[in-house]
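# Close look at the chain arrangement
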Amino acid sequence: MSFSISDLLADANFEQPPQIAQVQNKDEDDQVALFDSDTDLSEEEMEELVNVDNNSSDNNFYIQDKINHPELNIVKDSSMDSLVELLQKKKFKNIIVMTGAGVSTAVGIPDFRSPNTGIYSNLGKFDLPNPEDMFDIDYFLYNPQPFYFLFKDLYPDKIKPSKTHFFIRLLADKGLLLRNYTQNIDTLERLAGIPDELLIESHGTLHSAHCVGIKDKPGCHKEYSREFIKEKISAKEIPYCTECGGLVKPDVVFFGEELPQKFFDSYYEDFQKCDLLLVFGTSLKVQPFCNLIDFAKIDTPRCLINNRLAGVTGHPRKGFDFSGTFQKYRRDVFYKGNCDDGSEILAKSMGFEDELNELVKNAEPTAIF
Ligand code: OAD
Ligand code: ZN
């Protein structure tokens, strides 16, 4: 699992992260479709890397460097206290927040991969060949019913955004949010009032829908509203296009489909500009989204707020390095706990805890489906 010094030195482009796709190229064929990462480690393997022996000779290179050059330690250790200390010293102005399903579980929407409670553990009644087929475009065109009927089961009748959504909204209000990259399709960011231009719904959204045709017959792409889908699903009907009879599919990115153009147009410049990266409630298992954390500059502080470890690789350029061992700068912090508790700590240290509580208190629940 460890990387030798020669591996590190051989890496000539060490300070330049690889690009996800041809960034400037707007040709759809060159873009990257959504896919499950098959290279990730188990939680135990990640734990091992986080608790790695800093004195082992394999890891001495960077440790020694950090002892001799204290400026390489952006944070003193991987605790939230270190980030709080940093927030009190420096005003970050270009904060990127990456979010996953864990920011919505507190308000009643299950995540995907949590054992027992996650969506993928609870699809038995739909009789799918694989749980991921629920969000697979080929399967959808072959059998659309499970996808449409999932949401009625899944979403509470009325829902309001979580404290974490409102924390992000407040970052936007204060001019500190560079962008919120979310994987969620539940539209709670919109409900929380995060402005459209600061939001990148990387896996699409339930907010709008288009005709996608049927198997072997492309659709006419006519746009439909969320209300159209809502009415059909409530009546237990499949939504078909009034023009061509194709399936009307919410604008959610399925496995095998490309991410929205806005993602490809924005991520590279955004992450180069980012001065603080906050990652909330995601297992970081789906590509290309999970790779975004590698695009922050190598001395940009990054903080994962999640109830279990995620994104640890032990690689000098990829993923988080909570041990402060594998990467040149020590800059990664892990808060193991609830997203909303993490948001509260951050809001407090940035001086807007009361405003946050007020927003949460005054929010009105709304029906999504
Ligand atoms: P996952 O279910 O994979 O990960 C959610 C993470 O949040 C897990 O590590 C949980 O342990 C953690 N978590 C849950 N509730 C939490 C809470 N209240 N506080 C802190 N942590 C919490 O969800 P994503 O990473 O968002 O794509 O999944 C990524 C993509 O995989 C989704 O966008 C979806 C799915 O397939 C599509 O459907 C296209
Ligand atoms: Zn159509």
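The structure we're discussing is the one just above.
Calculation rules
Residues numbered from 1 in each chain as written. Chains lettered and ligands numbered in written order. Predicted model: local features only at pLDDT ≥ 70, side-chain atom pairs only at ≥ 80, totals over all residues. Near = placed C-beta within 6 Å. Nonpolar A, V, L, I, M, F, W, Y, C, P; charged D, E, K, R; others polar. Domains from an automatic or database assignment. Pairing = 2+ DSSP bridges. Helix = DSSP H or I, 4+ residues; strand = E, 2+ residues; numbered from the N terminus. Axes fitted to C-alpha atoms, helices over the stretch in contact; angles between N-to-C directions. Contact = placed C-beta atoms within 7 Å. Buried ≥ 20, exposed ≤ 12 C-beta atoms within 10 Å, placed from the backbone. Parallel < 35°, antiparallel > 145°, perpendicular 65-115°, else oblique. Left-handed = near helix turned anticlockwise from the far one by under 90°. Core = buried A, V, L, I, M, F, W, Y, C linked by C-beta atoms within 7 Å.

Among the 27 residues in the neighbourhood of ligand 1, the closest are listed as G100, G102, D111, F112 and S283. Split by residue class, the shell around ligand 1 holds 10 nonpolar, 13 polar and 4 charged. Two domains share the shell around ligand 1, each providing at least three of its residues, namely domain 1 (35-107 + 158-202 + 261-369) and domain 2 (110-154 + 204-252).

What the 6 strands build is an open sheet, ordered β4-β3-β2-β8-β10-β11; its pairing is parallel. Edge positions in the open sheet fall to β4 (199-201) and β11 (332-336), since each of these has one partner strand only. Strand-to-strand, the axes of this sheet are offset by a mean angle of 15 degrees, without reference to chain direction. The pairing of strand β10 (residues 302-306) with β11 spans 5 bridges and is parallel. Paired with I305 across the two strands is Y335, which belongs to β11. Of the strands in this sheet, β2 (95-99), β3 (177-182) and β4 touch helix α10 (residues 261-273), which is tilted by about 130 degrees from β3.

This next bit is on the pairing of strand β8 (residues 276-280). Moving residue by residue along a regular strand, the side chains alternate between the two faces of the sheet. Most of β8 is tucked away: 5 of the 5 residues are buried. Residues L276, L278 and F280 point to one face of β8 and L277 and V279 to the other, with burial holding for every one of them. Here 5 bridges tie β2 to β8, and the two strands are oriented parallel to one another. Looking across to β8, one finds that I96 is bridged to L277. When β8 meets β10, the two strands line up parallel, connected through 4 bridges. By the bridge assignment, F280 is partnered in β10 with I305.

This part takes up the sheet that holds strand β6 (residues 223-225). With antiparallel pairing, the 3 strands of this open sheet are ordered in space as β6-β5-β7. A single partner strand is all that each edge strand has here, and the edge strands are β6 and β7 (247-252). Within the sheet, the average angular offset between the axes of one strand and its neighbour, ignoring direction, is 40 degrees.

We now examine the packing of helix α4 (residues 80-89) against helix α11 (residues 339-350). Contact pair α4 / α11: the axes reach a minimum separation of 9 Å and the direction vectors enclose 25 degrees. Compared by their axis directions, α4 and α11 come out roughly parallel. In terms of crossing hand, the pair formed by α4 and α11 is right-handed. Contacts from M80, V84, L87 and Q88 in α4 reach I345, S349 and M350 in α11.

Turning to the nonpolar core, a few remarks are in order. One finds I96, V97, L278 and V279 to be the most contacted residues of the largest nonpolar core, which totals 70 residues. Looking at this core element by element, the count peaks at 6 residues for helix α7 (residues 163-173). If you count residues domain by domain, this core takes at least three from each of domain 1 (35-107 + 158-202 + 261-369) and domain 2 (110-154 + 204-252). Apart from the residues within four sequence positions on either side, V279 is in contact with M98, I293, R302, C303, L304 and I305. By size, the runner-up hydrophobic cluster in this structure holds 7 residues, among which are V212, C241, L247 and V248.

Function cannot be read off these values alone, since they describe shape.
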